[in-house]
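Understanding the architecture of this molecule
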Amino acid sequence: MDNKRQPMLVRLWRDPVWRAIFFQVLLILAVVAMVGWVVNNTLSNLEQRGISTGFDFLSQSAGFGIIQTLVEYDESHSFGRTFLVGLLNTLLVSFLGVIFATVLGFLMGVARLSSNWMLSKLASVYIEIFRNIPLLLQIFFWYFAVLGILPSPRQSFSLFDAIFLNVRGISLPWPILDSGMVMVAWTLLACCVAVLVLIFFNKQHRKNTGRPVPYIKAIMVSIVVLIPMMTGFLADARLQWEIPALRGFNFSGGLVVLPELAALWFALTIYTAAFIAEVVRSGIESVNKGQKEAAAALGLKPRRVLSLVVIPQAMRVIIPPLTNQYLNLIKNSSLATAIGYPDLVSVFAGTTLNQTGQAVEVIAMTMAVYLTISLTVSVLMNLYNRWVSLVER
Amino acid sequence: MEKMVREGKDPTSPVIKLNGVNKWYGSFHVLRDINLDVVRGEKIVICGPSGSGKSTLIRCINALEEHQEGQIIVDGTELNRDLKNIEKVRREVGMVFQQFNLFPHLTVLENCTLAPVWVRKTAKKEAEKTAMEYLERVRIPDQADKFPGQLSGGQQQRVAIARSLCMNPEIMLFDEPTSALDPEMIKEVLDVMVELANEGMTMICVTHEMGFAKTVADRMIFMDQGQIVEEATPDIFFNSPESERTKEFLGQILSH
């Protein structure tokens with residue numbers, strides 16, 4: 001049938017472009033109406049119950065204590081400060097978890113593919129056990145069944161009379177920094193940066209000449225050891241360790257890793273590492289067998305085959321699901337509430353919300369934080385992925 | 001020849017020696033009592049039906065496959081469980097695969113310099129210079145900075161040949177190098193192989209390119225069911241083969 005004889009509307013309706021536009025406009029209108037209704041409903045309900053809106057509560061005094069604070073905090077600080085304390089605690093456990101889960105996951109993933117029967121079976125058993133048990137249960141396991149049954153401070157397990165393990169946590173010696181030591185610390189940091197530069201330079205040198213810089217290891221060790229030592233000597237630095245000591249019923253002094261942090265950290269690390277191991281394994285297996293054969297046929301050692309040929313190609317398969325695992329770990333850290341680790345959800349969306357009643361603001365802020373962290377991680381990982389992706393025709 | 005005399009090697013003794021080699025995949029007997037001597041500079045073409053063990057045979061020569069019985073000696077080094085021996089042999093034996101197996105994350109030039117730099121410890125500048133020479137010989141110096149994924153099949157296979165040559169090998173193994181190529185690209189790869197043969201490289205080629213075989217082969221080997229069935233000069237092999245199985249096979253591939 002000739003199209004032109006049809007009425008205008010029928011013709012538009014049959015045109016895929018116009019039809020698509022029509023549905024999209026419809027969808028946008030529906031979403032806007034929905035959001036408008038929710039906002040309007042919330043505002044009128046809040047007004048009815050006499051709850052004031054806004055973020056003024058953030059400057060009010062909080063009046064409750066927090067067991068672990070990375071910045072100075074006591075009851076007299078504001079709710080805004082509790083937000084910061086909670087946020088830093090979330091970032092701390094997430095950071096520790098991501099780093100350790102990555103290392104453990106890569107080791108387990110490679111071990112699972114090892115030709116060593118024992119190693120590969122052990123890795124399989126680890127993976128199957130820890131990814132098939134709910135995370136919350138694992139957190140409880142570490143908190144109640146492992147750390148919770150440790151002896152009281154008086155009967156602590158101790159290592160060299162300096163490290164103490166008891167039901168209140170792990171107490172470690174911690175350096176007291178005098179001005180000389182601060183200088184040594186900065187020198188050490190500078191030396192580490194110098195060594196990183198050297199490692200990069202050595203890699204370039206090795207690419208260019210096929211040989212590492214002569215005595216490179218000795219040079220690097222002496223930079224990291226000798227220069228800070230000389231600085232310390234010249235600045236007359238005295239390193240004093242604050243050793244935890246039993247006072248009354250508990251240890252004081254030194255660095256204390258609370259059982260809440262330790263349990264959450266172990267559980268997140270071990271649980272996520274099991275998934276990362278599978279991600280790494282599938283990434284390595286995705287590399288064509290011919291690649292390994294071609295590299296081996298050229299005379300490269302198995303270690304070099306893995307690091308120069310297999311892993312670089314596996315990375316592009318590994319990165320997207322690895323990003324997911326990082327995001328899961330960060331979000332899962334909110335299970336902290338269950339054992340009372342003072343993370344953002346527990347301190348801010350929990351205690352602060354209960355005390356102020358500012359549900360909408362508090363939840364919105366908390367959600368915004370997780371969204372920001374997750375999107376930042378995603379963006380960084382995507383950038384890395386674009387960098388390692390292959391050029392095809 | 002001078003180099004061999006200097007290194008105390010006898011140019012007439014076999015550079016590859018297989019003595020009673022047997023191999024099984026599980027219960028499947030894939031290589032049956034293989035005996036083969038290859039002298040320096042010799043060109044051998046192996047053909048046979050699929051599943052006859054010809055690829056497995058040449059993959060045993062650089063230990064990509066392990067043999068279970070018998071002796072394989074390459075350039076004076078026996079392939080056994082000693083990893084050092086395997087690495088030594090692989091340094092001296094180049095291999096070209098049916099599926100090219102170029103490293104897709106490295107440029108053409110980097111593909112060619114990877115092994116010289118990491119295995120031979122050659123300076124990168126020098127390795128690049130050598131690589132460019134070989135890329136010129138296989139007639140694709142202008143593609144040096146591209147990635148393998150940007151090249152045609154024939155170009156990729158020529159890069160693969162150049163990549164092997166950059167290690168300056170004594171022996172080259174070709175495992176059906178033209179089987180994955182479009183017909184119009186086969187010639188460009190065979191031309192490179194013929195040139196290489198004319199320069200005196202020791203070569204073992206698994207291929208069904210009978211024209212190539214007639215041009216370069218010193219010796220033809222026909223394999224069936226894991227055994228060497230026929231072994232002869234191309235002249236005798238193509239005109240008056242002894243075994244019935246060989247006649248049947250040649251009849252099938254030369255009938256068109």
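Along each chain, the written sequence defines residue order, and numbers are assigned to residues from 1. The order in which chains are written sets their letters, starting at A; the order in which ligands are written sets their numbers, starting at 1. Only residues with pLDDT of at least 70 get local features here, since the model is predicted, and only at 80 or more are side-chain atom pairs given and counted; chain-wide, interface and lining totals rely on the full set of residues. Only hydrogens and water are set aside; all other atoms, that is, all heavy atoms of the structure, feed into the side-chain values.

Looking up chain A in an unreviewed UniProt entry gives the name Amino acid ABC transporter permease, with the organism given as Endozoicomonas numazuensis. What UniProt states about chain A under its Sequence similarities (unreviewed entry) heading is, verbatim, "Belongs to the binding-protein-dependent transport system permease family. HisMQ subfamily." UniProt positions are given in the numbering used here, feature names are shortened, and annotations may be inferred rather than shown by experiment.

Quick look at the sheet that holds strand β1 (residues 14–25) of chain B
Across a sheet, strands are paired by hydrogen bonds formed along the backbone, either parallel or antiparallel in direction. Residue and element names in this part refer to chain B. When DSSP finds two or more bridges between a pair of strands, those strands are recorded as paired. The secondary structure listing takes helices from DSSP runs of H or I that are at least 4 residues long and strands from runs of E that are at least 2 residues long, numbered from the N terminus. Reading across the sheet, the four strands line up as β2-β1-β4-β5 and stay open at both edges, with antiparallel pairing between neighbours. The open sheet has two free edges, formed respectively by β2 (28–39) and β5 (77–78), since each of these has just one partner strand. Pairs of residues are marked as contacts when any of their non-hydrogen atoms sit within 4.5 Å. Axis angles are defined between N-to-C directions and span 0 to 180 degrees, where every axis is a line fitted to C-alpha atoms and, for a helix, only to the segment in contact. The strands that helix α2 (residues 54–61) touches are β1, β2 and β4 (69–74); relative to β1, the one it contacts most, it runs at about 125°.

Regarding the domain arrangement of chain A
Domain start and end points were adopted from an automatic or database domain assignment. When its domains are assigned, chain A resolves into domain 1 (8–48), domain 2 (79–160 + 258–388) and domain 3 (174–242). One C-alpha centre belongs to domain 1 of chain A, the other to domain 2 of chain A; they are set 40 Å apart.

Examining the UniProt feature "transmembrane region" (unreviewed entry) in chain A
Residues and elements named next belong to chain A. According to UniProt, the "transmembrane region" (unreviewed entry) feature falls on residues 21–39, 83–109, 129–150, 183–201, 213–235, 262–284 and 362–384. Its end C-alpha atoms 27 Å apart, residues 21–39 is made of 100% helix and 0% strand. Split by type, residues 129–150 is 68% helix and 0% strand. Its first and last C-alpha atoms lie 24 Å apart.

Remarks on the nonpolar core
The nonpolar core is taken to be a set of buried Ala, Val, Leu, Ile, Met, Phe, Trp, Tyr and Cys residues, with the residues joined through side-chain atoms within 4.5 Å. Each residue's exposure class comes from its accessible area (1.4 Å probe, protein chains only) as a fraction of the maximum for that residue type: buried when under 20%, exposed when over 50%, partly exposed otherwise. Residues Ile16(B), Leu18(B), Ile46(B) and Val74(B) are the most contacted members of the largest nonpolar core, which totals 112 residues. The dominant element in this core, judged by the number of residues it contributes, is helix α8 (residues 259–286) of chain A, at 16 residues. Leu109(B), Leu190(B), Met203(B) and Phe222(B) belong to the second largest nonpolar core, which has 47 residues in total.

Regarding the packing of α8(A) against helix α10 (residues 302–332) of chain A
Residues and elements named next belong to chain A. Orientation of α8 relative to α10, taken along the N-to-C sense of each, is 155°, at an axis distance of 8 Å. Regarding the angle of α8 to α10, the classification is roughly antiparallel. Where α8 crosses over α10, the two elements pack in a sense that is right-handed. Where α8 approaches α10, its residues Leu268, Tyr271, Thr272, Phe275, Ile276, Val279, Val280, Gly283, Ile284 and Ser286 are matched on the opposing element by Val310, Ile311, Ala314, Val317, Ile318, Pro321, Leu322, Gln325, Tyr326, Leu329 and Asn332. Polarity classes work like this: nonpolar for Ala, Val, Leu, Ile, Met, Phe, Trp, Tyr, Cys and Pro, charged for Asp, Glu, Lys and Arg, and polar for all others, with Gly in that last group. Looking at the contact of α8 with α10 residue by residue, the class counts come to 16 nonpolar, five polar and no charged. When an angle is under 35 degrees it counts as roughly parallel; over 145 it counts as roughly antiparallel; between 65 and 115 it counts as roughly perpendicular; any other value is oblique. Here is the rule for handedness: rotate from the far helix to the near one, and if that takes an anticlockwise turn smaller than a right angle the crossing is left-handed, while a clockwise turn gives right-handed.

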